[in-house]
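Chain by chain, the residues run as shown.
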Amino acid sequence: MVQYYKTDNGRLSELEGPEGSGIWIKMTDPTGTEARKVADSVGADFADVFAAMDDDESSRIELQDGYTLILVDIPVSELRQDRNYYTTIPLGIILTQDVLVTICSEETPILTFFEKNLAREFSTKKKLRFVYQILFRAAMEYQSCLRVIDKKRTEIEERIDKETKENDLVALHHLESNLVYFSTSLGANKNVIDRLTRYKRLKQFPEDQELLDDVIVENNQALEMAAIYRDIINGTRELMSNVIDSRLNNVMKILTSVTLVMAIPTIISGFYGMNVAGISMPLSDHPHGFGIICILTTLICILIMWLLHRKKML
């Protein structure tokens, strides 16, 4: 899908086509035909326009004749095992003297924010500032996703003392995978932003440099958050594994103690079940021998249980 936008007097309007200069061409999951048509209209190479459709494309900035290609990674949610998790996909930005083109394989709230004209001082004519604003929104979106990830980790951590399950360990693994993707993508985005600080091809307005500084700060903060949350998840997973192992050890200790206690009556009944002369078995001829033996067996079991309890083994 291809949409055309242009701002006039602070208002964003959708156009029928690429009318004039200072427009924003928004491409969402475009077909090959749409990508080729836009590439021809802006004088860009088809491979550069379609690069953002490849999930394996790395973040980079390339200066070409007549246009500049910027590729960055942005966070998106995906459904896995009936749960929402996060990954990253490329967002392509092509800058020319007249237009700005964004290409993404999915609809993203980063661009929807501008589509709804919610950004302050947003103008499609100030293309480099628009790029900085997109990068700023991307950094903020990363931070928002990171807070959601940390909230999920907190919910799992709160269940450790109650009903920790193996599924929680799997969930922590998925969250850690999300943070790995985020850390890698944010690091690559940082390299692109560092190159933009030396970018002199298009005209910068005085306030653009301040906005670029904000982008650098927010991206670095997101990178630090990803690293911190990853360390915390590692600690939570180790704690959960130790708790599960401790519970298993307690169960095995109880079963061992119960087996030891139940072995006493088993041994005694085994002796009295042997096919030997009655005179060789104590109390075998006594009228209350069976009851006495049962009472003695019970007392011995109680004594063993008391000793085990005293040793904190039961």
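The structure this text deals with has already been given above.
Residues numbered from 1 in each chain as written. Predicted model: local features only at pLDDT ≥ 70, side-chain atom pairs only at ≥ 80, totals over all residues. Heavy atoms only, no water.

Asker: When you look at the overall build of the protein in this model, what are you seeing that I'm missing?
Answerer: Of regular secondary structure, the protein possesses eight helices and seven strands. Taking 20 Å as the expected radius of gyration for a compact globule of 314 residues, we find that the protein reaches 35 Å, considerably beyond that expectation. For the protein, the spread of C-alpha atoms along the principal axes amounts to about 115 × 40 × 30 Å. Among the 314 residues that make up the protein, the fraction classed as buried is 42%. Pairs at least 24 apart in sequence give 66% of the contacts found in the protein among residues at least 6 apart. Total accessible area computed for the protein in this model is approximately 17,500 Å², and 54% of it derives from carbon and sulfur atoms. For the protein, the distance from the average site of its 35 positive side-chain charges to the average site of its 45 negative ones is 5 Å. (Helix = DSSP H or I, 4+ residues; strand = E, 2+ residues; numbered from the N terminus. Rg over C-alpha atoms; globule rule 2.2 N^0.38 Å. Buried < 20%, exposed > 50% of the residue type's maximum accessible area, 1.4 Å probe, protein only. Contact = heavy atoms within 4.5 Å. Areas by Shrake-Rupley, 256 points an atom, 1.4 Å probe, with all protein chains shown as cover. Lys, Arg positive; Asp, Glu negative; His and termini not counted. Charge placed at Lys NZ, Arg CZ, Asp CG, Glu CD.)

Asker: Honestly, the layout of surface pockets in this entry has me stumped. Any pointers?
Answerer: If a probe as big as a water molecule is rolled over the atoms, it shows which places are left empty. Counted as a void, the largest pocket has a volume near 400 Å³. What lines the largest pocket is a set of 15 residues, among which Arg120, Glu121, Gln133, Phe136 and Leu211 lie closest to the centre. Elements supplying a minimum of two residues to the lining of the largest pocket: α3 (109-115), α4 (127-158) and α7 (206-272). For the lining of the largest pocket, the element with the most residues is α7, which contributes five residues. Here the lining of the largest pocket is composed, by residue class, of six nonpolar, one polar and eight charged. (1 Å grid on protein atoms, 1.4 Å probe; cavity = no way out; pocket = protein on both sides within 12 Å on 5 of 7 lines; lining within 4 Å. Points joined across faces, edges and corners; volume = space filled by probe spheres on them. Nonpolar A, V, L, I, M, F, W, Y, C, P; charged D, E, K, R; others polar.)

Asker: Before we go on, may I ask you to explain the packing of aromatic side chains in this structure?
Answerer: A ring pair, where both rings are aromatic, is described by two values, the distance of the centres and the angle of the planes. Applying the stated criterion to the full structure yields ten aromatic pairs. Pairing Trp24 with Phe130 gives two aromatic rings, centres 5.1 Å apart and planes at 85°, and the pair type is edge-to-face. On the criterion of sequence distance, the pair formed by Trp24 in strand β3 (residues 23-28) and Phe130 in helix α4 is long-range, its members being 106 residues apart. Residue Phe130 is classed as buried on the basis of its relative accessible area of 0%. A ring pair is formed by Phe114 and Phe122, whose centres lie 5.3 Å apart and whose planes are at 55°; its orientation type is tilted. Pair check on accessibility: Phe114 and Phe122 agree, each one buried. An aromatic cluster is built from Tyr5, Trp24, Phe113, Phe114, Phe122 and Phe130, whose rings are joined through pairwise contacts. The ring of Phe46 has Arg36 lying over it, and the distance from NZ or CZ to the ring centre is 4.2 Å. When the ring centre of Phe113 is taken as origin, the NZ or CZ atom of Arg137, which lies over that ring, is 4.0 Å away. (Phe/Tyr/Trp six-rings, centres within 6.5 Å; stacked < 30°, edge-to-face > 60°. Lys NZ or Arg CZ within 6 Å of the ring centre and 35° of its normal.)

All quantities given are derived from atomic positions and should not be read as evidence of function.
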